[in-house]
Amino acid sequence: MLSNHSLNHIERPHLQADCEQCYGLCCVALPYGKSSDFAFDKSSGTPCPNLQEDYRCGIHTQLRQKGFKGCTVYDCFGAGQKLSQVTYADRSWRNHPETAREMYDCLPVLRQIHELISYMREVMMRPDTSSLHASLEKVYPDVARLSDLEPAALLQLDITSHRATVNTLLIQASEIVRNSAPASTKAKGKPKGKKRSGMDFLGANLQGADLRGASFRGALMIAANLRNADARNADWIGADLRDTELGGADLRGAIFLTQAQLNAAMGDARTLLPSHLNKPSHWR
Ligand code: SF4
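These notes cover the structure that comes with them. This one's a predicted model, so the numbers in the text were calculated from it and none came from an experiment.

Describing the overall build of the protein chain
Next up, step 1: Scanning the protein chain from terminus to terminus reveals 9 helices and 0 strands.
Next up, step 2: Beginning at the N terminus, the succession of helices and strands in the protein chain can be written as α-α-α-α-α-α-α-α-α.
Next up, step 3: Residues classed as buried in the protein chain amount to 48% of the 284 residues present.
Next up, step 4: When contacts within the protein chain are restricted to residue pairs at least 6 apart in sequence, those whose partners lie at least 24 apart make up 44%.
Next up, step 5: Accessible surface, the protein chain: about 13800 Å² in total, of which carbon and sulfur atoms supply 52%.

See the structure below:
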């Protein structure tokens, strides 16, 4: 694992959303369409009518009940407060309309950078991926520095090429974690989950399935049933877990599983999670 010096460096960009330190940037910058996730249409640059003068959400405790489930699952990875407090030096979009449009455009770019840093940090903190730590330590400072760019530089950034460089290491980490999935207490033989990958899990019935070491990279798993599945050491990067049933599922050892993904899913008291993630309050 990394030295304390390196860990401090990794923690420097704050990667968890802190809405108290933001000016409700996502509630203005992002567009959304009327759906099961949002109660009405809104374009980019239009403040959500639920956003109050103090930049707080007026229905924060009732988002799901009021039809704004999408707001509970969005994660800016700390990009909102970084733009508000650092990049734009405590200037809000409301008080500085001359730079508001630029701020809106910077948000998705900086979010991608913070997301990338978050995944790198996860790998660098895992003992089971220690063989990759030295390689990641070499590329980490360059990626971390991107989060300090000025707005004009952020908007010109070729984020795809940076993602590609890091992705090679993230894929290697995924393989290490998935190949070390623990033995099943129920099923015999090799985990069936290792063969699973792709985008085809929409509404799938995987109840009680042996999904140890599965790759769900970018998979659409909306409303899939994974109740009581053994999904230890699975890779969840970019998987869409909206309304995925995770009651009683074992997700320990997961890699690239985020709190926002869990917030979008359904689970219960029996669901087993990695220690750094929490059971959302709406789980039964
Ligand atoms: S409903 Fe609340 S959290 Fe969602 S966009 Fe509007 S103000 Fe923001």
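More follows now that the structure is in view.
Considering the site of the ligand
Next up, step 1: The full set of residues close to the ligand is Cys-27, Cys-48, Asn-50, Leu-51, Cys-57, Ile-59, Leu-63, Phe-68 and Cys-71.
Next up, step 2: Taken together, the residues of the shell around the ligand break down into 8 nonpolar, 1 polar and no charged.

Regarding the side chain of His-114
Next up, step 1: Here His-114 lies in helix 5 (residues 97-125).
Next up, step 2: Within polar-contact distance, the side chain of His-114 engages the backbone oxygen of Phe-77 at 2.8 Å.

Some points on the nonpolar core
Next up, step 1: Among the nonpolar cores identified, the biggest contains 42 residues, and Leu-25, Leu-83, Trp-93, Ile-113 and Val-123 are the most heavily contacted of them.
Next up, step 2: The set of elements that each furnish at least two residues to this core consists of helix 2 (26-29), helix 4 (79-87), helix 5, helix 6 (133-146) and helix 8 (159-179).
Next up, step 3: Broken down by element, this core gets its largest block of residues, 14 residues, from helix 5.
Next up, step 4: For this core, the domains that each give at least three residues are domain 1 (4-30 + 74-178) and domain 2 (181-284).

Section: the packing of helix 5 against helix 8
Next up, step 1: For the pair helix 5 and helix 8, the least separation of the axes is 11 Å and the interaxial angle reads 20°. For the element pair helix 5 / helix 8, the angle class is roughly parallel. Handedness of the helix 5/helix 8 crossing: left-handed. Contacts between helix 5 and helix 8 involve Gln-112, Ile-113, Glu-115, Leu-116, Tyr-119, Met-120 and Val-123 from the first element and Ile-159, His-162, Arg-163, Val-166, Leu-170 and Ala-173 from the second.
Next up, step 2: Split into classes, the residues belonging to the contact of helix 5 with helix 8 amount to 9 nonpolar, 2 polar and 2 charged.

With respect to the packing of aromatic side chains
Next up, step 1: Scanning the model with the defined rule gives 9 aromatic pairs in all.
Next up, step 2: Ring geometry for Tyr-23 versus Tyr-55: centroids 4.8 Å apart, planes at 65°, classification edge-to-face. Residue Tyr-23 is located in the loop between helix 1 (4-11) and helix 2, and its partner Tyr-55 is located in the loop between helix 2 and helix 3 (69-73); the two are separated by 32 residues in the primary sequence. Pair check on accessibility: Tyr-23 and Tyr-55 agree, each one buried.
Next up, step 3: Three or more aromatic residues joined by ring pairs make a cluster, and in this case those are Tyr-32, Phe-38, Phe-40 and Phe-68.

Notes on helix 6
Next up, step 1: Helix length check: helix 6, at 14 residues, gives a terminal C-alpha distance of 20 Å against a target of 20 Å (1.5 Å per residue), a fit within 8%.
Next up, step 2: In the structure, helix 6 departs most strongly from a straight axis at Val-139, where the bend amounts to approximately 35° and where the proline Pro-141 lies between one and four residues downstream.

Thoughts on the packing of helix 5 against helix 6
Any two packed helices are characterised by the angle at which their axes cross and by the distance between the axes.
Next up, step 1: At a minimum axis distance of 10 Å, the contact between helix 5 and helix 6 shows a crossing angle of 155°. In terms of orientation, helix 5 lies roughly antiparallel with respect to helix 6. By crossing handedness, the relation of helix 5 to helix 6 is classed as left-handed. Counted together, Ile-113, Leu-116, Ile-117, Met-120, Val-123, Met-124 and Met-125 of helix 5 and His-133, Leu-136, Glu-137, Val-139, Tyr-140, Val-143, Ala-144 and Leu-146 of helix 6 form the full contact between these two elements.

Concerning the environment of Gly-33
Next up, step 1: Relative to the helices and strands, Gly-33 resides in the loop between helix 2 and helix 3.
Next up, step 2: Remark: the alpha-carbon pair of Gly-33 and Ser-43, spanning 10 residues in sequence, is separated by 8.2 Å.
Next up, step 3: Ignoring sequence-local partners within four residues, the contact set of Gly-33 consists of Phe-38, Phe-40 and Asp-41.

Considering unusual backbone geometry
Next up, step 1: Positive phi, close to 55°, is recorded for Phe-77, a residue that is not glycine.
Next up, step 2: Of note, Phe-77 is situated in the loop between helix 3 and helix 4.
Next up, step 3: Residue Phe-77 is classed as buried on the basis of its relative accessible area of 5%.

Observations concerning the pattern of salt bridges
Any two side chains of opposite charge can pair, given that their charged atoms come close.
Next up, step 1: One pass over the structure, following the stated rule, counts 20 salt bridges.
Next up, step 2: Close ionic contact of Lys-69 with Asp-243 constitutes a salt bridge, the shortest N to O distance being 3.1 Å. With a gap of 174 residues between them, Lys-69 in helix 3 and Asp-243 in the loop between helix 8 and helix 9 (259-264) connect regions that are remote in the sequence.
Next up, step 3: The buried category is assigned to Lys-69, whose relative accessible area is 14%.
Next up, step 4: Overall, Asp-243 belongs to the partly exposed group, its relative accessible area being 29%.
Next up, step 5: Close ionic contact of Arg-101 with Asp-105 constitutes a salt bridge, the shortest N to O distance being 3.2 Å. In this pair, Arg-101 and Asp-105 are both assigned in helix 5, 4 residues apart and thus about one turn of the helix distant.
Next up, step 6: Classification of Arg-101 as partly exposed rests on a relative accessible area of 41%.

Reading the values: the criteria
- Residues numbered from 1 in each chain as written.
- Predicted model: local features only at pLDDT ≥ 70, side-chain atom pairs only at ≥ 80, totals over all residues.
- Heavy atoms only, no water.
- Helix = DSSP H or I, 4+ residues; strand = E, 2+ residues; numbered from the N terminus.
- Buried < 20%, exposed > 50% of the residue type's maximum accessible area, 1.4 Å probe, protein only.
- Contact = heavy atoms within 4.5 Å.
- Areas by Shrake-Rupley, 256 points an atom, 1.4 Å probe, with all protein chains shown as cover.
- Near = heavy atom within 4 Å.
- Nonpolar A, V, L, I, M, F, W, Y, C, P; charged D, E, K, R; others polar.
- Polar contact = N/O pair within 3.5 Å; in protein donor to acceptor, adjacent residues only side chain to side chain.
- Core = buried A, V, L, I, M, F, W, Y, C linked by side-chain atoms within 4.5 Å.
- Domains from an automatic or database assignment.
- Axes fitted to C-alpha atoms, helices over the stretch in contact; angles between N-to-C directions.
- Parallel < 35°, antiparallel > 145°, perpendicular 65-115°, else oblique.
- Left-handed = near helix turned anticlockwise from the far one by under 90°.
- Phe/Tyr/Trp six-rings, centres within 6.5 Å; stacked < 30°, edge-to-face > 60°.
- Expected span 1.5 Å × (residues − 1).
- Bend = angle between axes of the 7 residues up to and from the residue.
- Salt bridge = Lys/Arg side-chain N within 4 Å of Asp/Glu carboxyl O.

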